[in-house]
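In case you want the letters, here they are:
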Amino acid sequence: VPLVYINIIIAFTVSLIGLLIYRSHLISSLLCLEGIILSLFIIATLIILNTHSTLASIMPIVLLVFTAFKAALGLSLLVIVSNIYGTDYVQNLNLLQC
Amino acid sequence: MNPSIFIILLTTLILGTMMVITSSHWLLAWIGFEMNMMAFIPIMMKNPSPRATEASTKYLLTQATASALLMMAVIINLMYSGQWTITKLFNPTASTLMTVALAIKLGLAPFHFWVPEVTQGIPLTTGLILLTWQKLAPLSILYQISPSINLYLMLTMSLLSILVGGWGGLNQTQLRKIMAYSSIAHMGWMTTILPYNPTLTLLNLLIYITMTFTMFMLFIQNSTTTTLSLSQTWNKTPIITTLTMLTLLSMGGLPPLSGFMPKWMIIQELTKNDILIMPTFMAITALLNLYFYMRLTYSTALTLFPSTNNMKMKWQFSPTKRAPLLPTAIVISTMLLPLTPMLSILL
């Protein structure tokens, strides 16, 4: 119904497609994950401000806190992968195939 | 790993799932999922190796995507209903997004590709936690939103999961991958009955967790991860061969073992809703699962696998690995069928 949010929903969709389709680097999918969270943050803030639900204003900030946590985990795993293989190409992650 | 850090991680893991199960606010459920994932990834990296790193990376990427999709579904639900309570969702887009997100977390087809690889790369105990404890939180949310789930989406994903779990496990010799495909197939059975009678989903989950726990404990006892090493257990601990056979047959869903109970109740509930083709199809496809369980049984308990001569005469050392709760788990996972009337109503 609210068509004013279509812009941010498109941003979410584009970031999601960017997360699912990546060429060679692992870090680009981590970046697109951050893009998804950013679009979620914007749309959550807009809805909460427009509906004047003051108590829910904490929610975007909590979202950012947990996302920072997740990003730190992702980056540390990226560092370990890069320590093993020298690059962060996702083609290197093929040890566990059938 | 430092024991106090390990305790903190386990506590966060348990606390995260408990928060998802007991919360009534969508934000708290999302936080529970995040805590669960964050605590589980260092547990997966307990013994660092390239395989564990790869498994952790794949787990992180898939679960983070699923969490983001879940949050989007929550926000769309907020847009259309203006409230944060965990009840049925008020918009079909939000419902589809959330079902897809929870399917990614559970490992339902067509989002199952991470389950065998991640299960293969981590130690046996961590794999046990992955396949049993991590299923509790998404299924609890699915249970709570079950009135609003798109029926065709759910049934498509679950039928596809049963197929994939059956066919995918046929070509495997690594035990952890076999358990992963069996998990995919059992998740398919569980989510089939979700739109009709969610109580049976919980019953199936309970029996599945018990059987998977038993299987992993039997594997941990001898630290076996391949069919080849499982076939040598007649020499190390002969009773394990019998117990493995019984538990595997129970997982395949054969009466009079307790693995038959969820399949029977699910088929009965589906026929009460006048659906006849789908349970027939599901029951026939469960034979694929039974085939690779029978293959494991055959090589473990029914024949002597080819081995060198000095493998046949081993020193009988006292066992070093403890398999906690193994006798209880075996009794529950094989002898629970007479209690069916109580269990199918109690849950």
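All values derive from a computational prediction rather than experimental measurement. (Residues numbered from 1 in each chain as written. Chains lettered and ligands numbered in written order. Predicted model: local features only at pLDDT ≥ 70, side-chain atom pairs only at ≥ 80, totals over all residues. Heavy atoms only, no water.)

### Focus: the nonpolar core
Spelled out, the test is: To define a nonpolar core, start from buried Ala, Val, Leu, Ile, Met, Phe, Trp, Tyr and Cys residues and group those joined through side-chain atoms within 4.5 Å. Burial classification: accessible surface area is computed with a 1.4 Å probe over protein chains only, and a residue below 20% of its type maximum counts as buried, one above 50% as exposed, and the rest as partly exposed. Runs of H or I in DSSP of at least four residues are treated as helices and runs of E of at least two as strands, each being numbered from the N terminus. Contact between two residues is taken to exist if any of their heavy atoms lie within 4.5 Å; hydrogens are not considered.
If you look at the biggest cluster of nonpolar residues, it comprises 136 residues, and the most contacted ones within it are Leu 40 and Met 59 of chain A together with Trp 26, Tyr 59, Met 98 and Ile 141 of chain B. Looking at this core, the element that brings in the most residues is helix H3 (residues 50-81) of chain B, giving 17 residues. If we skip the residues at most four places from it in the chain, Ile 141 of chain B touches Val 20, Trp 26, Ala 29, Phe 33, Ile 86, Met 98 and Leu 102 of chain B. Listed in part, the 5 residues of the second largest apolar core include Leu 26, Leu 30 and Val 90 of chain A together with Leu 61 of chain B.

### Focus on the packing of H3 of chain B against helix H4 (residues 92-106) of chain B
Two quantities define a packed helix pair, namely the angle between the axes and the distance from one axis to the other. Residues and elements named next belong to chain B. In plain terms, the rule: Whenever a helix is involved, its axis is fitted only over the stretch in contact; in every case the axis is a line through C-alpha atoms, and angles between N-to-C directions fall within 0 to 180 degrees. An angle below 35 degrees is read as roughly parallel, one above 145 as roughly antiparallel, one from 65 to 115 as roughly perpendicular, and any other as oblique. The sense of a crossing depends on the near helix, which, turned anticlockwise from the far helix by less than a right angle, makes the crossing left-handed and, turned clockwise, makes it right-handed. In this classification, the charged set is Asp, Glu, Lys and Arg, the nonpolar set is Ala, Val, Leu, Ile, Met, Phe, Trp, Tyr, Cys and Pro, and all remaining amino acids, among them Gly, are polar.
Relative to each other, H3 and H4 sit at 160°, their axes nearing to 8 Å. As the angle between them shows, H3 and H4 are arranged roughly antiparallel. For the crossing formed where H3 meets H4, the hand is left-handed. Residues Thr 62, Gln 63, Ala 66, Ser 67, Leu 69, Leu 70, Met 72, Ala 73, Val 74, Ile 76 and Asn 77 of H3 lie in contact with H4, whose contacting residues are Thr 93, Ala 94, Leu 97, Met 98, Val 100, Ala 101, Leu 102, Ile 104 and Lys 105. For the contact of H3 with H4, the per-class residue count stands at 14 nonpolar, 5 polar and 1 charged.

### Examining the pattern of salt bridges
All names here are of chain B. To keep it simple, the criterion reads: We define a salt bridge as a side-chain nitrogen of Lys or Arg found within 4 Å of a carboxyl oxygen belonging to Asp or Glu.
Inspection of every chain in the model, using the stated rule, returns 4 salt bridges over all chains. For Glu 54, the salt bridge is made with Lys 58, and the minimal N-O distance between the two is 3.0 Å. Taken together, the positions of Glu 54 and Lys 58, both in helix H3 and 4 residues apart, correspond to about one turn of that helix. Across the pair, exposure class does not vary: Glu 54 and Lys 58 are buried alike.

### Quick look at the UniProt feature "transmembrane region" (unreviewed entry) in chain A
Residue and element names in this part refer to chain A. Note the cut-off: UniProt positions are given in the numbering used here, feature names are shortened, and annotations may be inferred rather than shown by experiment.
Mapped onto this numbering, the UniProt entry gives "transmembrane region" (unreviewed entry) at residues 6-22, 29-49 and 61-85. Across residues 6-22 one finds 88% helix and 0% strand; the C-alpha atoms that close the span lie 25 Å apart. The distance from the first to the last C-alpha atom of residues 61-85 is 36 Å, and the span holds 100% helix and 0% strand.

### Topic: the packing of aromatic side chains
The cut-off we apply is this: Any two rings among Phe, Tyr and Trp, with Trp reduced to its six-membered ring, count as a pair given centres within 6.5 Å; such a pair is stacked if its planes are under 30 degrees apart, edge-to-face if over 60, and tilted if neither.
Counting across every chain of the model gives 6 aromatic pairs over all chains. Three or more aromatic residues joined by ring pairs make a cluster, and in this case those are Phe 40, Tyr 59 and Trp 114 of chain B.

### Looking at the packing of helix H1 (residues 6-20) of chain A against H3 of chain B
Their axes nearest at 12 Å, the elements H1 of chain A and H3 of chain B cross at an angle of 165°. Here H1 of chain A lies roughly antiparallel to H3 of chain B, going by the angle between them. For the element pair H1 of chain A and H3 of chain B, the recorded crossing hand is left-handed. The segment H1 of chain A lies against H3 of chain B, with Ile 9, Phe 12, Leu 16 and Leu 19 of chain A engaging Thr 65, Ala 68, Leu 69, Met 72 and Met 79 of chain B. Looking at the contact of H1 of chain A with H3 of chain B, its residues break down into 8 nonpolar, 1 polar and no charged.

### Thoughts on the interface of chain A and chain B
Quick note on the threshold: Buried area, as used here, totals the accessible surface that two parts lose on assembly, with accessibility defined by a 1.4 Å probe and the loss added over both.
Facing 38 residues of chain A, the contacting portion of chain B comprises 37 residues. Of the roughly 3300 Å² buried at the junction of chain A and chain B (both faces included), carbon and sulfur atoms supply 85%. In this assembly, chain A and chain B are joined by 1 salt bridge. Between Glu 34 of chain B and Lys 70 of chain A there is a salt bridge; the shortest N-O distance is 3.2 Å.

### Considerations on helix H5 (residues 114-121) of chain B
Two residues of an α-helix separated by three or four positions point the same way, owing to the 3.6 residues in each turn. Residues and elements named next belong to chain B. Most of H5 sits out of view: 8 of its 8 residues are buried. Listed in full, the buried residues belonging to H5 are Trp 114, Val 115, Pro 116, Glu 117, Val 118, Thr 119, Gln 120 and Gly 121. On its buried face, H5 is in contact with helix H2 (26-44), H3, H4, helix H6 (124-132) and helix H9 (175-192).

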